Amino acid sequence: MAAEIKKPSPLGRWEKALTRSYWWVLLVGMLVSSILREPLGFWPSVALTVAIIAAFTLVVARLAASKREARLVRDVERGLIECAIRYPKALPGSLSSRWEQGFAEVNDGIIKFRPLFGEMGSPTGLVREFSELSSYGLLDLPPKRPAELKRSWKIAAIGTDKGDLEVATGEAGLSLFPGHIDRNTGPF
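The sections below set out a description of the structure shown in this document. As the structure is a computational prediction, the values presented were derived from the model and not from experiment. (Residues numbered from 1 in each chain as written. Predicted model: local features only at pLDDT ≥ 70, side-chain atom pairs only at ≥ 80, totals over all residues. Heavy atoms only, no water.)

### Things to note about the overall build of the chain
Where we set the bar: A helix here means a DSSP run of H or I that spans at least four residues, while a strand means a run of E at least two residues long, and both kinds are numbered starting from the N terminus. Partly exposed residues are those whose accessible area sits between 20% and 50% of the maximum for their type, while under 20% is buried and over 50% is exposed, using a 1.4 Å probe and protein chains only. Residue contacts are counted whenever heavy atoms from the two residues lie within 4.5 Å of one another. Computed with the Shrake-Rupley method and a 1.4 Å probe, the accessible areas treat only the protein chains shown as cover for residues.
Along its length, the chain carries 3 helices and 8 strands. N-terminal to C-terminal, the α/β element order of the chain is α-α-β-β-β-β-β-β-β-β-α. Buried residues in the chain amount to 35% of all 188 residues. Nonlocal contacts in the chain, meaning residues at least 24 apart in sequence, comprise 51% of its contacts between residues at least 6 apart. Working note: accessible area of the chain is about 11,700 Å², and carbon and sulfur atoms make up 62% of it.

Written out as structure tokens, the structure reads:
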């Protein structure tokens, strides 16, 4: 039987709205622009429409961000983290040397990683299991942050039974790793 991991908490209402808003905001914007074009003129209607769309998107993004943080904290309490992994000793340019986003369950010195695929970031695919963990500490971020890594994530170097592994995740996720990786003191 293949390894299984816990399912991440479902996306909240505002997170779904933000993800789906890119499709219908354009249609609403075109409708508002065409309605305002007659009384205001072309350029003022376009400017007002862009301002309305930007304000709406900003409000929804802020609401979604707070709900996302709460969801990720709940997942960390369950031993599940949103992360990205890569194999640092893989050939440069190979798929293994690129960051792969997904969710990992961390407990009892074992990491079970499931990559993200598909719409809405749902975890699917095969679960990869890494054991015999030993932490090497935190790494410096590259000068140009890869697009797959979130802004606040940090990179931890970890030794496993399948070779070295780099895991990028947030502060809360790093606390789940054996040895609680810390930049100042290294692994405990």
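Continuing now.
### Let's talk about the nonpolar core
To keep things clear, this is the line we draw: Remark: nonpolar core denotes a set of buried residues (Ala, Val, Leu, Ile, Met, Phe, Trp, Tyr, Cys) joined through side-chain atoms within 4.5 Å.
I111 and F177 are the most contacted members of the largest nonpolar core, which totals 17 residues. The set of elements that each furnish at least two residues to this core consists of β1 (80–86), β2 (100–107), β3 (110–117), β7 (154–160) and β8 (163–169). The leading source of residues in this core is β1, at 3 residues. If near-sequence neighbours (up to four positions away) are discounted, F177 is found in contact with I81, V106, I111, I158, V167 and T169. One finds A84, W99, W153 and A168 within the second-largest nonpolar core, a separate group that totals 6 residues.

### What to know about the packing of aromatic side chains
This is how the line gets drawn: When the centres of two rings from Phe, Tyr and Trp lie within 6.5 Å, Trp using its six-membered ring, the rings pair. Their planes under 30 degrees apart give stacked, over 60 give edge-to-face, and anything left gives tilted. Here, a charge over a ring is recorded when the distance from Lys NZ or Arg CZ to the ring centre is within 6 Å and its angle to the ring normal is within 35 degrees.
Applying the stated rule across the entire model yields 2 aromatic pairs. Judged by centre distance (4.8 Å) and plane angle (75 degrees), the ring pair of F42 and W43 falls under edge-to-face. Under the relative-accessibility criterion, W43 is labelled exposed at 63%. Ring geometry for Y87 and F130: centres 6.3 Å apart, planes at 55 degrees, overall tilted. Taken as a pair, Y87 in the loop between β1 and β2 and F130 in strand β5 (residues 128–130) lie far apart in primary sequence, 43 residues in all. Looking at K162, its charged tip hangs above the ring of F130, at a distance of 5.5 Å from the centre.

### Side note on the layout of surface pockets
To keep things clear, this is the line we draw: The rule is simple: put a 1 Å grid over the protein atoms alone, call a set of points where a 1.4 Å probe fits but cannot get out a cavity, call an open set with protein on both sides within 12 Å along at least five of seven lines a pocket, and count a residue as lining if it has an atom within 4 Å of a point. Grid points are joined across faces, edges and corners, and a volume is the space filled by probe spheres set on the points. Throughout this entry, Asp, Glu, Lys and Arg are counted as charged residues, while Ala, Val, Leu, Ile, Met, Phe, Trp, Tyr, Cys and Pro are counted as nonpolar. The remaining residues, Gly among them, count as polar.
Approximately 310 Å³ is the volume found for the second largest pocket. As for the second largest pocket, its lining consists of 18 residues, and the residues nearest its centre are R68, E69, L72, W153 and G170. Of all elements in the fold, only α2 (42–77), β1 and α3 (171–174) reach the threshold of two or more residues within the lining of the second largest pocket. Looking at the lining of the second largest pocket residue by residue, the class counts come to 8 nonpolar, 4 polar and 6 charged.

### Focus on a nonpolar patch on the surface
Our working definition: Residues enter a patch when their relative accessible area is above 30% and they make no salt bridge; the linking distance is 9 Å between like charges and 5 Å between nonpolar side chains (Val, Leu, Ile, Met, Phe, Trp, Tyr). Each salt bridge in this description consists of a side-chain nitrogen of Lys or Arg and a carboxyl oxygen of Asp or Glu lying within 4 Å of one another.
Together, Y22, W23, W24, V28 and F56 make up an exposed nonpolar region whose accessible area comes to about 620 Å². The biggest single contributor to the nonpolar patch is helix α1 (residues 13–40), with 4 residues. Residue W23 is classed as exposed on the basis of its relative accessible area of 70%.

### Regarding the packing of α1 against α2
Stated precisely, the cut-off is as follows: Only the contacting stretch of a helix is used when fitting its axis, a line to C-alpha atoms as for every element, and angles between N-to-C directions run 0 to 180 degrees. For this classification, under 35 degrees means roughly parallel, over 145 means roughly antiparallel, 65 to 115 means roughly perpendicular, and everything else is oblique. Note: crossing handedness is left-handed where the near helix turns anticlockwise from the far helix by less than a right angle, and right-handed where it turns clockwise.
One way to put it is that α1 packs onto α2 with a least axis distance of 8 Å and a crossing angle of 165 degrees. Regarding the angle of α1 to α2, the classification is roughly antiparallel. Here α1 runs over α2; the crossing is right-handed. Of the residues belonging to the contact of α1 with α2, the class tally is 18 nonpolar, 5 polar and 5 charged.

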